[in-house]
Amino acid sequence: MAAASSSDSDSGRAESSEASSKWLDAHYDPMANIHTFSACLQLADLHGDGEYKLVVGDLGPGGQQPRLKVLKGPTVLSESPLPALPAAAATFLMEQHEPRTPALALASGPCVYVYKNLRPYFKFSLPQLPPNPLEQDLWNQAKEDRIDPLTLKEMLEGIREKAEVPLSVQSLRFLQLELSEMEAFVNQHKSKSIRRQTVITTMTTLKKNLADEDAVSCLVLGTENKELLVLDPEAFTVLAKISLPSVPVFLEVSGQFDVEFRLAAACRNGNIYMLRRDSKRPKYCIELSAQPVGLVRVHKVLVVGSNQDSLHGFTHKGKRLWAVQMPAAILTMNLLEQRSRGLQAVMAGLANGEVRIYRDKALLSIIRTPDAVTSLCFGRYGREDHTLIMTTRGGGLIIKILKRTAVFVEGGGEAGPPPAQAMKLNMPRKTRLYVDQTLREREAGTAMHRSFQADLYLLRLRAARAYAQALESSLSPVSATAREPLKLHAVVQGLGPTFKLTLHLQNTSTARPILGLLVCFLYNEGLYALPRAFFKVPLLVPGLSYPLETFVESLSDKGISDIIKVLVLREGQSAPLLSAHINMPVSEGLAAA
């Protein structure tokens, strides 16, 4: 009887836990054999019948061929082989004609394969790049049997190390061969022309001229050649080409191509570049302290995941808004959008088997999975509007459905603000002086602000006058003229009464030497004595610092000091090029005597 009651209580606790959860477990298959990442997951109505299906660009691990899989519910509807590893998948509308069936674009290698109704429709190939002329010449010599394969390999390795233009795939494959396989490879490929082809690294879609959900969209491609290409949705011609400082790996776009759009590209050099319509180069740049592992736009905030286990929020102008530290490494990121409630949040799959959902830096929910999640996708699947698709590191498939009654509340997860944040501070009581001062500021606030502004303007005027006077009298240790770019630095050594004064004079120009300079010392002859108060400066080579040494003897025994002025002049000119005021120390030798 007791055992029966305990089992009933356990089942009740399980049912209450399931009821309190925001998610329903629809399907879990640890042996689904799906290996992909978030960019290759798409949910789309491929046949226009309202039944949304899951499109997967499978990587095919373990020597298997990459495949394009289409799932309906938990079952695989169709499979087709791919010639190369998939880089990204996207669904878009190509035309306004009825029936409005979206097309599927899959980026693989240097090509974009477009499918309509799950049938091949068009293949777009990236334009070929000009080959390395030295590489072309070497293969021409090999074609005429003027060099042997060993010499060809040595010269190609030299080109690969030094040349700015990378080698073609044919040459790179040749360099990987053993010595016994080289001759057969050369005989097979020497008659073929050298082709240098770049590959696609990332892909997304951009609305063409309307912001509607069912509007025609363009494809935006990021290539290994540090370029972004915008393709026409009907003719598949290149509408725009944008160069980047590095190879793009993640893209986020908003707006319309014909009107105005913003594009954020996270690159391999650890920077995120912001571009706008008709901009030939990036307008803003976000420099990250680590490599980006994901990029998601939530409303007007760019959420970036880094390999330092942290999420960062930035504006489109590059201002950092917030940062959140994760308990484990971030493996994948994607957007969660619940349009019925106007919610947009970012999902982050972690290496410890958790999927965390954040709105800005507030934690909304935590989903624990049996294995680490490597790809995420949220949207309409089948007939359900809010479905979460997850694939795991071991090839498993997890499908969860968000309850219609689920409401995300900030702090719904386990992590939250520290307990010290809720503690009340021991604030001191308001004194009579504080109350009087507050009343005075309320009554005379305008007059106090005007007085502050007047003092601020007067301070700026005095600073500008002092700066102008310093420029006119060359009181700065750095030359203000571009014709005589000089820099002066003085060092005083010794305890006294004899000091060693070293002047470091440097020509800061890039290529022009300076000749014909003089150095003059102005000082109180009753306090100091110098062996040479005026001497010539040798030729100043650009970039080198020249030490000019002299000795200063203190004549006063009263323990006082003064300023020695150093002037650098040009022969035949009375106005100094630059000057420096040296505060001499008190002579400790005379003071002790």
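All values reported here derive from a predicted model rather than from experimental measurement.

A. Fine view of the sheet that holds strand β28 (residues 397-402). Spatial strand order, β1-β28-β27-β26: four strands in an open sheet with antiparallel pairing. Edge positions in the sheet fall to β1 (23-29) and β26 (373-381), since each of these pairs with one other strand and no more. The mean inter-strand angle of the sheet, taken between neighbouring strand axes irrespective of direction, is 20°. Examined bridge by bridge, β1 and β28 share six bridges and lie antiparallel to one another. Bridge pairing in β28 places L24 opposite I401.

B. Spatial organisation of the packing of aromatic side chains. One pass over the structure, following the stated rule, counts five aromatic pairs. Geometrically, the ring pair formed by W23 and F378 is edge-to-face, given 6.3 Å between the ring centres and 90° between the ring planes. In this pair, W23 sits in strand β1 while F378 sits in strand β26, placing the two residues 355 residues apart along the sequence. For the pair formed by W23 and F378, the shared burial category is buried. When the centroid spacing of 5.9 Å and the interplanar angle of 20° are considered together, the rings of F257 and F261 count as stacked. With respect to burial, F257 and F261 carry one shared label: buried.

C. Just the pattern of salt bridges, in detail. Applying the stated rule across the entire model yields 16 salt bridges. For R383, the salt bridge identified is with E51, shortest N-O distance 3.1 Å. Of this pair, R383 sits in the loop between β26 and β27 (384-392) while E51 sits in the loop between β2 (41-44) and β3 (53-58); the two residues are 332 residues apart in sequence, bridging distant segments of the chain. Exposure remark for R383: the relative accessible area of 55% places this residue in the exposed category. The residue K69 makes a salt bridge to D58 at a minimum N-O spacing of 3.7 Å. Within this pair, whereas K69 is found in strand β4 (residues 67-72), its partner D58 is found in strand β3, the two being separated by eleven residues in sequence. Accessibility assignment for this pair places K69 and D58 in one class, buried. Taken together, the salt bridges that share partners define one network made up of E354, R356 and R368.

D. View of helix α3 (residues 149-162). Between the first and last C-alpha of α3 there are 20 Å, a value that for 14 residues agrees with the 20 Å anticipated at 1.5 Å per step. Those residues of α3 that fall on the buried side of the exposure criterion are L152, K153, L156 and I159. Taken down its axis, α3 places every buried residue within 125° of arc, on the same side. Exposed residues pointing more than 90 degrees away from the buried face of α3 are listed as E154, E161 and K162. Those residues of α3 hidden inside the fold are in contact with α2 (133-143), α4 (169-175) and α5 (179-189).

E. Structural context of the environment of G50. Of note, G50 is situated in the loop between β2 and β3. For the pair G50 and F174, spaced 124 residues apart in sequence, the C-alpha separation works out to 50 Å. Among all residues touching G50, those that are not within four sequence positions of it are D45, R380, G382 and R383.

F. Region of interest: the UniProt feature "domain: Bardet-Biedl syndrome 1 protein GAE" (unreviewed entry) in the protein. UniProt's feature table lists "domain: Bardet-Biedl syndrome 1 protein GAE" (unreviewed entry) at residues 486-588, given in the numbering used throughout. Structurally, residues 486-588 is divided into 1% helix and 52% strand, and its ends, taken at the C-alpha atoms, are 34 Å apart.

G. α2, seen in detail. For α2, the complete set of buried residues consists of E135, L138, W139, Q141 and A142. Down the axis, α2 shows its buried residues gathered within 155° of arc, on one side only. On its buried side, α2 packs onto α3, α4 and α5. Two residues or fewer after α2 comes D145, characterised by a positive phi angle close to 60°.

H. Expanded view of the packing of α2 against α3. At their nearest, the axes of α2 and α3 sit 10 Å apart, and the two run at 175° to each other. On the basis of their axis angle, the class for α2 and α3 is roughly antiparallel. Across the interface between the two elements, L134, E135, L138, W139 and A142 of α2 pack against L152, M155, L156 and I159 of α3. Residue composition of the contact of α2 with α3, grouped by class: eight nonpolar, no polar and one charged.

I. Representation of the side chain of H316. With respect to the helices and strands, the residue H316 is situated in the loop between β20 (310-314) and β21 (320-325). Not counting residues up to four positions away in its chain, the partners in contact with H316 are R262, M274, Y284, R297, K300 and L302.

J. Highlighting the nonpolar core. Core analysis: the biggest nonpolar cluster contains 27 residues, and L503, V519 and F521 have the highest contact counts within it. Mapped by element, the contributors of at least two residues to this core are β29 (486-493), β30 (498-507), β31 (517-522), β33 (534-537), β34 (545-554), β35 (563-570) and β36 (578-583). If you tally residues by element for this core, the top one is β30, at four residues. Setting aside residues no more than four positions away along its own chain, L503 makes contact with L488, H489, A490, V519, F521, Y546, P547, L548, V566 and I582. Grouped together as the second largest cluster of nonpolar side chains are 19 residues, A90, A105, A107 and I200 included.

K. Representation of a nonpolar patch on the surface. A surface patch of nonpolar side chains, about 350 Å² in accessible area, is lined by L515, L539, V541 and L544. Mapped onto the elements of the fold, L515 is located in the loop between β30 and β31. Here L515 falls in the exposed class, since its relative accessible area comes to 55%.

L. Examining the pairing of strand β24 (residues 354-359) more closely. Of all six residues in β24, five are buried, a share of seventy percent or more. Of the strand pairs in this sheet, strand β23 (residues 343-350) and β24 are connected by four bridges, and their pairing is antiparallel. Residue pairing in the sheet places M347 in a bridge with I357 of β24. Two strands pair when backbone bridges link them, and β24 and strand β25 (residues 362-368) are joined in this way by six bridges, in the antiparallel orientation. Across the sheet, residue R359 finds its bridge partner in β25, namely A362. Taking the residues between adjacent antiparallel strands as the criterion, β24 and β25 are bridged by two residues, where D360 takes a positive phi near 55°.

M. Geometry of the sheet that holds β23. In spatial order, the strands read β22-β23-β24-β25; together these four strands make up an open sheet with antiparallel pairing. Bordering the open sheet on either side are β22 (330-338) and β25, each of which pairs with just one other strand. Put simply, the sheet's adjacent strands are angled 25° from each other on average, direction ignored.

Parameters and conventions
- Residues numbered from 1 in each chain as written.
- Predicted model: local features only at pLDDT ≥ 70, side-chain atom pairs only at ≥ 80, totals over all residues.
- Heavy atoms only, no water.
- Pairing = 2+ DSSP bridges.
- Helix = DSSP H or I, 4+ residues; strand = E, 2+ residues; numbered from the N terminus.
- Axes fitted to C-alpha atoms, helices over the stretch in contact; angles between N-to-C directions.
- Phe/Tyr/Trp six-rings, centres within 6.5 Å; stacked < 30°, edge-to-face > 60°.
- Buried < 20%, exposed > 50% of the residue type's maximum accessible area, 1.4 Å probe, protein only.
- Salt bridge = Lys/Arg side-chain N within 4 Å of Asp/Glu carboxyl O.
- Expected span 1.5 Å × (residues − 1).
- Arc of directions from axis to C-beta.
- Contact = heavy atoms within 4.5 Å.
- UniProt positions renumbered as here; feature names shortened; annotations may be inferred.
- Parallel < 35°, antiparallel > 145°, perpendicular 65-115°, else oblique.
- Nonpolar A, V, L, I, M, F, W, Y, C, P; charged D, E, K, R; others polar.
- Core = buried A, V, L, I, M, F, W, Y, C linked by side-chain atoms within 4.5 Å.
- Patch = residues over 30% accessible without salt bridge, like charges linked within 9 Å, V, L, I, M, F, W, Y side chains within 5 Å.
- Areas by Shrake-Rupley, 256 points an atom, 1.4 Å probe, with all protein chains shown as cover.

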